[in-house]
Amino acid sequence: MDRKVRVRFAPSPTGALHIGGVRTALYNYLFARKHEGEMILRIEDTDSNRFVPGAEEYIIEALHWLGIHFDEGVGYGGEYGPYRQSERRDIYKKYVDQLLQNGKAYIAFDSPEELEAKRKKIENFQYDAHTRMQMRNSLVLPAEEVSSLIEEGHQYVVRFKIEPNEDIHVQDMIRGEVVINSSVLDDKVLYKSADNLPTYHLANIVDDHLMEVSHVIRGEEWLPSAPLHVLLYRAFGWEDAMPRFAHLSLLLKPDGNGKLSKRDGDRLGFPVFPLDWIDPKTGDKSSGYREAGYYPEAVINFLALLGWNPGENAEIMSMDELIQKFELEKCSKSGAKFDYEKARWFNHHYLQKQSVTELAKAFLPILKAHGCEKNDIQLVEKAVSLTKERVNFVSELWEQSSFFFVAPEVYDEKTVKKRWKEDCGTLLSEMSEQIAALPNVKAEPTEQAIKQWIEEHQYPLGKIMNACRLALVGEGKGPHIFDIIELLGQEETIKRIRLAIERLG
């Protein structure tokens, strides 16, 4: 590549960062690191009406948790700042004036009521070359009246003047050449006097140019605006410095058609945000991947493969491996269904990579929440080592291992009906005597001794083992029965067997 690679992630602080936005940030990061380039964090907060307190901090924290780091931008500094668009008002005004002076834009005074009236009068109304001369703007009004209206404080917008019937060619690194005729574009608003701020379209172009952005990697939803941005680059005379575009495919609903939404997550029980988010206006809480127990590596690995294929069968990849293999040209043009079950599969893999000590430490607060505060750490580690293969999240360890810490008080009815036969009490009573006679209950020698006793008496092995599991666990689950006996210990094992005989008969 001729130019130094510089990409930007430019979210708007209008709420929680959607998981689709996280994927966009990730692809920018992978591309920048692959080409030894730089990545900018820019906050696009020009829409003051949609600003949400706390959203910017949320975005920064979420990306930091995921391991997506920036070289410059909000919170990082850099020589191209400021990096919040609301702090760059004076910069944009200069370029607005340039477009007006060169006849590439014009001032419009149409009120919301006037625009609505025009929409009712003209079907599929669009503010463009065919309608602009019917409106209240500087193309129609005398210059003196325009100046007077501005001096009197009348609110106005600046619109980009798009000439009709021109084929605009956009070169996209994922989709190839995209051609759109200018007649389908309206004269977009570039600037609003109400808050002295530009709209996304102008601020985006000016900042990308001034910050020397070489590649714009963004979501598919921005593809329709690409021709407008090409025209703006031309209007400023910046064609030679125009960045290369890449528009990523949409993340789709897990079931059915359409774009992934928060409602899909609520309906199917999975997060669509990286962190928990509490809406400051309503107080509504939305779950996040971090608080749901996902590892950041799992989220990154999962998202990377939603819309990009490295061309090989490998699925488990570290960030470094993703960087090494990533190519924009291998991104899909079609949308990717959001397989939330696959996300859990990835988390299971990364959980298994954690040491037993790390998992036990993470499990301790859950034990405490269930009233199990005083536990020997070795007991916790052993319980974790016996059950971790069965879980996708640390929080699920309680369901799989609670019987190690709390004796069952009730017995699963279905398991009782299926596994506890008339002679089970007698058989388990004998088994408890065999266990009591052992010098210890280490798993392997205990298994040999009990199986030898069963074989000598020609007792049914399956019946005894299933009944014993029910007595010790309370249901038909858990790891190898003799591992359970070893961890519970001789005294507790005998106590639970006798209690089950007493209660089940």
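Residues numbered from 1 in each chain as written. Predicted model: local features only at pLDDT ≥ 70, side-chain atom pairs only at ≥ 80, totals over all residues. Heavy atoms only, no water.

**Overview of the nonpolar core**
Consideration 1: Of all hydrophobic cores here, the largest spans 109 residues; its most connected members are Ile 68, Leu 328, Phe 338, Phe 363 and Met 431.
Consideration 2: A per-element tally of this core places helix H1 (residues 19-34) first, with 9 residues.
Consideration 3: With near-sequence residues (within four places) excluded, Phe 338 lies in contact with Ile 19, Leu 251, Leu 252, Lys 253, Pro 254, Leu 260, Phe 270, Tyr 289, Phe 302, Leu 303 and Leu 306.
Consideration 4: Core analysis: the next-biggest nonpolar cluster, separate from the first, contains 42 residues, Val 96, Val 158, Ile 168 and Ala 226 among them. (Core = buried A, V, L, I, M, F, W, Y, C linked by side-chain atoms within 4.5 Å. Buried < 20%, exposed > 50% of the residue type's maximum accessible area, 1.4 Å probe, protein only. Helix = DSSP H or I, 4+ residues; strand = E, 2+ residues; numbered from the N terminus. Contact = heavy atoms within 4.5 Å.)

**Section: the sheet that holds strand E9 (residues 197-198)**
Consideration 1: If you walk across this open sheet you meet the 4 strands as E4-E5-E8-E9, and the pairing is antiparallel. Because the sheet does not close on itself, it has two edges, and the strands there are strand E4 (105-108) and E9.
Consideration 2: Pairing analysis gives 2 bridges linking strand E8 (residues 189-192) to E9, with the strands arranged antiparallel. Bridge assignment links Tyr 191 to a residue of E9, and that residue is Pro 198. (Pairing = 2+ DSSP bridges.)

**Thoughts on the domain arrangement of the protein**
Consideration 1: Here the protein is partitioned into domain 1 (84-246), domain 2 (260-348), domain 3 (353-402) and domain 4 (411-502).
Consideration 2: Of the residues lining the interface, 6 residues belong to domain 1; the matching set on domain 2 comes to 5 residues.
Consideration 3: Summed over both partners, the interface of domain 1 with domain 2 comes to about 540 Å²; 64% of that surface belongs to carbon and sulfur atoms.
Consideration 4: Of all residues in domain 1, Met 173, Ile 174 and Arg 175 give up the largest surface area on contact with domain 2, accounting jointly for 80% of the area buried on that side.
Consideration 5: Inspection of the region where domain 1 meets domain 2 yields 0 salt bridges.
Consideration 6: Between the two partners, domain 1 and domain 2, sit 1 residue pair in polar contact (both at pLDDT 80 or more).
Consideration 7: Classifying every residue of the side of domain 1 that touches domain 2 by side-chain character gives 4 nonpolar, no polar and 2 charged. (Domains from an automatic or database assignment. Buried area = accessible area lost by both parts, 1.4 Å probe. Salt bridge = Lys/Arg side-chain N within 4 Å of Asp/Glu carboxyl O. Polar contact = N/O pair within 3.5 Å; in protein donor to acceptor, adjacent residues only side chain to side chain. Nonpolar A, V, L, I, M, F, W, Y, C, P; charged D, E, K, R; others polar.)

**A closer look at the UniProt feature "domain: Aminoacyl-tRNA synthetase class I anticodon-binding" (unreviewed entry) in the protein**
Consideration 1: In the numbering used here, UniProt assigns the "domain: Aminoacyl-tRNA synthetase class I anticodon-binding" (unreviewed entry) feature to residues 358-501.
Consideration 2: Secondary structure across residues 358-501 divides into 67% helix and 0% strand, with the first and last C-alpha atoms of the span separated by 38 Å. (UniProt positions renumbered as here; feature names shortened; annotations may be inferred.)

**Observations regarding the pairing of strand E7 (residues 176-181)**
Consideration 1: In the sheet, strand E6 (residues 167-172) pairs with E7 via 6 bridges, with the strands oriented antiparallel. When the sheet's bridge partners are listed, His 169 is paired in E7 with Val 179.

**A word on the pattern of salt bridges**
Consideration 1: This model, assessed by the stated rule, comprises 34 salt bridges.
Consideration 2: Here Asp 207 makes a salt bridge to Arg 42, at a shortest N to O gap of 3.8 Å. Here Asp 207, found in helix H6 (residues 200-210), pairs with Arg 42, found in the loop between strand E2 (38-41) and helix H2 (55-66); they are 165 residues apart in sequence, far enough to count as distant. Like Arg 42, Asp 207 is buried.

**Concerning the packing of aromatic side chains**
Consideration 1: Under the criterion given, the structure shown has 22 aromatic pairs.
Consideration 2: Between the aromatic rings of Tyr 58 and Trp 277, the centroid separation amounts to 5.2 Å while the plane-to-plane angle is 80°, which identifies the pairing as edge-to-face. Here Tyr 58 is found in helix H2, whereas its partner Trp 277 is found in strand E13 (residues 277-278), with 219 residues between them in sequence. In this structure, Tyr 58 and Trp 277 share a single accessibility class: buried.
Consideration 3: For the pair Tyr 200 and Trp 222, a centre-to-centre distance of 4.3 Å together with 25° between the ring planes defines the contact as stacked. Of this pair, Tyr 200 sits in helix H6 while Trp 222 sits in the loop between strand E10 (215-219) and helix H7 (226-236), placing them 22 residues apart in sequence.
Consideration 4: Put simply, the rings of Phe 270, Phe 302, Phe 338, Tyr 340, Trp 345 and Phe 346 touch in pairs and so form one group of aromatic residues.
Consideration 5: Over the face of the ring belonging to Tyr 191 we find Lys 93, whose NZ or CZ atom lies 5.9 Å from the ring centre.
Consideration 6: Of note, Arg 159 hangs over the ring of Tyr 127, and the distance from its end group to the ring centre comes to 3.8 Å. (Phe/Tyr/Trp six-rings, centres within 6.5 Å; stacked < 30°, edge-to-face > 60°. Lys NZ or Arg CZ within 6 Å of the ring centre and 35° of its normal.)

**Overview of the sheet that holds strand E3 (residues 72-73)**
Consideration 1: Reading across from one edge, E1-E2-E3 is the order of the 3 strands in this open sheet, with parallel pairing throughout. Only two strands of the sheet have a single neighbouring strand rather than two, namely strand E1 (6-9) and E3.
Consideration 2: Two strands pair when backbone bridges link them, and E2 and E3 are joined in this way by 2 bridges, in the parallel orientation. In the sheet register, Ile 40 faces E3, and the bridge partner there is Glu 72.

**Observations concerning helix H19 (residues 481-488)**
Consideration 1: Burial analysis of H19 places 6 of its 8 residues in the buried class, which makes it a mostly covered element.
Consideration 2: Within H19, burial applies to Ile 481, Phe 482, Ile 484, Ile 485, Leu 487 and Leu 488.
Consideration 3: The secondary structure elements touched by the buried residues of H19 are helix H13 (377-387), helix H16 (424-436), helix H17 (443-457), helix H18 (461-473) and helix H20 (490-504).
Consideration 4: Positioned one or two residues after H19, Gly 489 has a phi angle of 95°, which is positive.

**Considering the pairing of E6**
Consideration 1: Covered by surrounding structure in E6 are Ile 168, Val 170 and Asp 172 only, the residues Asp 167, His 169 and Gln 171 on the alternate face being uncovered.
Consideration 2: The turn linking E6 back onto E7 is made up of 3 residues.

**Section: the side chain of Arg 42**
Consideration 1: What makes Arg 42 buried here is its relative accessible area of 0%.
Consideration 2: Looking at Arg 42, its side chain comes within polar contact range of the side chain of Glu 44, at 3.0 Å.
Consideration 3: Apart from the residues within four sequence positions on either side, Arg 42 is in contact with Arg 8, Phe 9, Ala 10, Pro 11, Tyr 83, Gln 85, Asn 204, Asp 207, Asp 208 and Met 211.

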